[in-house]
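Here is what each chain is made of, one letter per residue.
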Amino acid sequence: VGMGSLQESALDIMTIKVGNIPPNTTVKVVIGYVENIEVQESLFYNLIISSTLTPRYVSRLSPNTSVPIITGNVDFTWNIIATIYSSKRLKAVQSSTHDVNVDFSLGKKSARVSFKNIEKPNRNFALQFSTADIHQPTVILSEHTLFNSSETAYTAMISFMPELVSSPYSSVIISDDEVLTLRKRRLSTSRGEFIIVFDRSGSMMGQRIAKAKESVVAFLNALPSDSYFNIIIFDDKYEPYSKEGSIKTSPESIRKATDYIYTVMDRGGTEIYDPIKYVLDSKQVNSDYPRYIFLMTDGDVSNTDQILSFVSGNL
């Protein structure tokens, strides 16, 4: 008789241990869960099935945490068969990560998706699909009897996806030139306090930190003119670019910040909690300037739960 145990290693990881299995025996593990499907650009649904667990930095704040590592270097294969059922006709079904076969049925209200080729779990699987009349509201009405009564009542669920006219993918609604004009108009009237929390740890070496620097420079040069900004550099310690607080945007302040970001070198560990706490504990520059905080990191850390709990409690 086989035996198994299940434990939660982290907020997003469960570990299953299976033992006492006789030789030449097949073991089947079935896991069921319910998950919301991500909506992208108000035009299609996006489902992601993870296949790898990258190494996670063990924070000094959670030294006893043990997190399993599953990289893409494996000698076994995986196969995914996804069946989509829809109340509306499916308009498009595709995967942005793998070559797949798509077989429609039930008048294109159902689709079966499977790999075309033999695949190893060396990258996540992403499935995108869209339905006809995706922006048309749907109402589901259910009849039921009230508790301790013979009276009949009804419950209605309304499901709808808003149609975002400014989406660059909605070319049939608005042209690319009109989208650009709208963005420029919004940028000219926007204001805010923008804080970048930038990971400079050793794992960011090479192209990662180079690309991250390019992104920060592009971000700085795209900031609204009537705004404030700051950059918090961190590894196993943190250092604010401006220790006096956020700086007003100007050609000169953007130039100096750009020069500074290019001097940053990779080093050290990945202590995300401390710089996030520093930012959230600091005073907002002005209540008329909404604060936006951007975390740039490649790091998986052992104290994710602690970080998320602190952030959610300080918003």
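The model shown is predicted, which means the values in this text are computed figures rather than measured ones. (Residues numbered from 1 in each chain as written. Predicted model: local features only at pLDDT ≥ 70, side-chain atom pairs only at ≥ 80, totals over all residues. Heavy atoms only, no water.)

Participant: Just checking my understanding: could you explain the environment of Asp 235 for this structure?
Facilitator: Mapped onto the elements, Asp 235 comes out in the loop between β14 (227–234) and β15 (238–240). What makes Asp 235 buried here is its relative accessible area of 4%. Placed 36 residues apart in sequence, Asp 235 and Asp 199 show a C-alpha to C-alpha distance of 6.2 Å. Not counting the four nearest positions on each side in its chain, Asp 235 is found in contact with Arg 200, Ser 201, Arg 267, Gly 268, Gly 269, Thr 270 and Glu 271. (Helix = DSSP H or I, 4+ residues; strand = E, 2+ residues; numbered from the N terminus. Buried < 20%, exposed > 50% of the residue type's maximum accessible area, 1.4 Å probe, protein only. Contact = heavy atoms within 4.5 Å.)

Participant: Just checking my understanding: could you explain the packing of helix α4 (residues 273–281) against helix α5 (residues 304–312) for this structure?
Facilitator: When two helices pack together, their arrangement is given by the angle between the helix axes and the distance between those axes. Relative orientation of the contacting elements α4 and α5 amounts to 5 degrees, with a least axis distance of 10 Å. Relative to α5, the element α4 is oriented roughly parallel. Touching Tyr 273, Ile 276, Lys 277, Leu 280 and Asp 281 of α4 are Gln 306, Ile 307, Phe 310 and Val 311, all from α5. When grouped by side-chain class, the residues that make up the contact of α4 with α5 number six nonpolar, one polar and two charged. (Axes fitted to C-alpha atoms, helices over the stretch in contact; angles between N-to-C directions. Parallel < 35°, antiparallel > 145°, perpendicular 65-115°, else oblique. Nonpolar A, V, L, I, M, F, W, Y, C, P; charged D, E, K, R; others polar.)

Participant: Help me understand the sheet that holds strand β9 (residues 110–115), please; the structure alone is not making it clear to me.
Facilitator: What links the strands of a sheet is backbone hydrogen bonding, and the strands pair in either a parallel or an antiparallel sense. Strand order in this open sheet of three strands is β6-β9-β8, and the pairing throughout is antiparallel. Only two strands of the sheet have a single neighbouring strand rather than two, namely β6 (81–85) and β8 (100–105). Going from strand to strand, the sheet's axes swing by 15 degrees on average, the running direction of each strand aside. (Pairing = 2+ DSSP bridges.)

Participant: I keep staring at the packing of aromatic side chains and nothing clicks. Help me out?
Facilitator: For any pair of aromatic rings, geometry is given as the distance between the ring centres together with the angle between the planes. Counted under the stated rule, the structure contains 10 aromatic pairs. With a centroid separation of 4.9 Å and an interplanar angle of 65 degrees, the aromatic rings of Phe 219 and Phe 294 are classed as edge-to-face. Of this pair, Phe 219 sits in helix α2 (residues 207–221) while Phe 294 sits in strand β17 (residues 291–296), and the two are 75 residues apart along the sequence. Owing to a relative accessible area of 34%, Phe 294 belongs among the partly exposed residues under this scheme. Three or more aromatic residues joined by ring pairs make a cluster, and in this case those are Phe 194, Phe 219, Tyr 292 and Phe 294. The ring centre of Tyr 289 lies 4.5 Å from the NZ or CZ of Arg 191, which sits over that ring. Positioned above the aromatic ring of Tyr 228 is the side chain of Lys 248, whose terminal nitrogen or guanidinium carbon lies 5.6 Å from the ring centre. (Phe/Tyr/Trp six-rings, centres within 6.5 Å; stacked < 30°, edge-to-face > 60°. Lys NZ or Arg CZ within 6 Å of the ring centre and 35° of its normal.)

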